[in-house]
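Letter by letter, the chains look like this.
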Amino acid sequence: MSCPLFKIRIIVCGLKIIPSPMRENQFKLFIDEVLSAQDHTDMVVGFDLVCEEDYNPAIGQFLHILYEGKAKAAAQNKKLDLYFHAGESNSRANVNLYDAIALGTKRIGHGFHIAYCPTLIEEVKKNDICMEVCPISNFVLGYALDLRNHPARSLLHEGVPIALSSDDPGFFNYHGVTLDYVYAFLAWELDLADLKKLALNSLKYTSLKQVEKDEIGRFFAKKWDSFV
């Protein structure tokens, strides 16, 4: 059984690090491009805001643009799906997770700061929002100097939906997510059930269409049974 092939899906990312007002003009342009793409392709699936959180503007500074984009999408019978990077920080002053969840983010990139916000843990579970956890990136960038103490370890066992991601493999000079799985397995003392759940979450919370999820799910099940 060969691996199913699917189209690439793109989340358009606005850079918070560029100067204002160029930054706001860029965000508006990108949101327009996301909505425009829906007339021609299903490749572009949503919008994100990226760059280091503690030294760049918070999501809350762009609420007017994001709400304007959502209103524009609704007026055109379209959707503006959001996939925010948020909570990549150890600062208690960071509030990006609150705005990301309030805006209806489909997933949260990193998100480990949620360990400081117990009420948000329940919100994430209630709204079925997946956290894209990046163990090696968090270690290399100094957010978690001992992965045995990474918040994802306890979040996973609290029932928070978690998938493992690689963040910037090109920048860190490695490929895929195998190394992230190895580090998580060793540091978090995972068992086979945990590993399977992480892998299935990667499929469940992807932006693939359901028919594609079903097809790759069958492929995964066959490979998993063979592995076990």
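A brief report on the enclosed structure follows. (Residues numbered from 1 in each chain as written. Predicted model: local features only at pLDDT ≥ 70, side-chain atom pairs only at ≥ 80, totals over all residues. Heavy atoms only, no water.)

Our focus in this paragraph is helix H1 (residues 22-37). Here H1 spans 22 Å end to end across 16 residues, near enough to the 22 Å set by a 1.5 Å rise per residue. Looking only at H1, the buried set comprises Arg 23, Gln 26, Phe 27, Ile 31, Val 34, Leu 35 and Ala 37. The elements touched by buried residues of H1 are strand E1 (10-15), strand E2 (44-50) and helix H2 (63-75). (Helix = DSSP H or I, 4+ residues; strand = E, 2+ residues; numbered from the N terminus. Expected span 1.5 Å × (residues − 1). Buried < 20%, exposed > 50% of the residue type's maximum accessible area, 1.4 Å probe, protein only. Contact = heavy atoms within 4.5 Å.)

Now for the pattern of salt bridges. Overall, the coordinates contain 12 salt bridges when judged by the stated rule. With a shortest N-O distance of 4.0 Å, Asp 42 and Arg 9 are connected by a salt bridge. Of this pair, Asp 42 sits in the loop between H1 and E2 while Arg 9 sits in the segment before E1, and the two are 33 residues apart along the sequence. Close ionic contact of Arg 148 with Asp 146 constitutes a salt bridge, the shortest N to O distance being 2.8 Å. Residue Asp 146 is classed as partly exposed on the basis of its relative accessible area of 26%. (Salt bridge = Lys/Arg side-chain N within 4 Å of Asp/Glu carboxyl O.)

Here we come to the sheet that holds strand E4 (residues 107-110). In space, the 4 strands of this open sheet follow the order E3-E4-E5-E6, with parallel pairing throughout. Edge positions in the open sheet fall to strand E3 (84-86) and strand E6 (162-164), since each of these has one partner strand only. The average undirected angle you get between the axes of adjacent strands in this sheet is 30°. (Pairing = 2+ DSSP bridges. Axes fitted to C-alpha atoms, helices over the stretch in contact; angles between N-to-C directions.)

If you look at the biggest cluster of nonpolar residues, it comprises 47 residues, and the most contacted ones within it are Phe 47, Leu 66 and Ile 162. Ranked by the residues each element gives to this core, the list is headed by H1, at 5 residues. (Core = buried A, V, L, I, M, F, W, Y, C linked by side-chain atoms within 4.5 Å.)

Residues of strand E5 (residues 130-133) alternate between two faces, with Cys 130 and Glu 132 on one and Met 131 and Val 133 on the opposite face, all of them buried. The pairing of E4 with E5 spans 3 bridges and is parallel. Bridge pairing in E5 places Ile 108 opposite Met 131. Relative to E6, E5 runs parallel, the two sharing 3 bridges. By the bridge assignment for E6, Val 133 is matched with Leu 164.

This part is about the pairing of E2. The side chains of a regular strand alternate, residue by residue, between the two faces of the sheet. Of all 7 residues in E2, 7 are buried, a share of seventy percent or more. Note: E1 against E2, 6 bridges, orientation parallel. Bridge pairing links Gly 14 to Leu 49 in E2. Note on the crossover from E1 through H1 to E2: the handedness is right-handed. (Right-handed = clockwise from strand over helix to strand, strands pointing away.)

Applying the stated criterion across every chain yields a total of 5 aromatic pairs. Between Phe 27 and Phe 47, the ring centres sit 6.2 Å apart and the planes meet at 70°, which makes this aromatic pair edge-to-face. Taken together, the positions of Phe 27 in helix H1 and Phe 47 in strand E2 put the pair 20 residues apart, joining distant regions of the chain. Within the aromatic cluster, the residues linked to one another by ring pairs are Phe 27, Phe 47 and Phe 62. (Phe/Tyr/Trp six-rings, centres within 6.5 Å; stacked < 30°, edge-to-face > 60°.)

Before going further, it helps to spend a moment on the side chain of Lys 16. By the secondary structure assignment, Lys 16 is in the loop between E1 and H1. Buried Lys 16, no salt bridge; nearest opposite-charge side chain is Glu 53, N-O distance 5.4 Å. In terms of polar contacts, Lys 16 uses its side chain to reach the backbone carbonyl oxygen of Pro 57, at 3.4 Å. Look past the residues within four positions of Lys 16 in its chain and what remains in contact with it is Arg 23, Phe 27, Leu 49, Val 50, Cys 51, Glu 53, Asn 56, Pro 57, Phe 62 and Asn 96. (Lys, Arg positive; Asp, Glu negative; His and termini not counted. Polar contact = N/O pair within 3.5 Å; in protein donor to acceptor, adjacent residues only side chain to side chain.)

As a further point, take the state of the cysteines. Within the structure shown, the criterion is met by 0 disulfides. With no disulfide of its own, Cys 130 has Cys 134 as its nearest cysteine by sulfur position, at a separation of 11 Å. Judged by relative accessible area, Cys 134 falls into the buried class, the value being 4%. (Disulfide = S-S within 2.5 Å.)

What follows covers the packing of H1 against H2. Helix-helix packing is characterised by the crossing angle of the two axes and by the distance between the axes. Where H1 meets H2, the closest approach of the two axes is 10 Å, and the angle between their N-to-C directions is 20°. For the element pair H1 / H2, the angle class is roughly parallel. Classified by chirality, the crossing of H2 by H1 is right-handed. Every residue of H2 that contacts H1 at Glu 24, Phe 27, Lys 28, Ile 31, Asp 32 and Leu 35 is listed here: His 64, Ile 65, Leu 66, Glu 68, Gly 69, Lys 72 and Ala 73. Split by residue class, the contact of H1 with H2 holds 6 nonpolar, 2 polar and 5 charged. (Parallel < 35°, antiparallel > 145°, perpendicular 65-115°, else oblique. Left-handed = near helix turned anticlockwise from the far one by under 90°. Nonpolar A, V, L, I, M, F, W, Y, C, P; charged D, E, K, R; others polar.)

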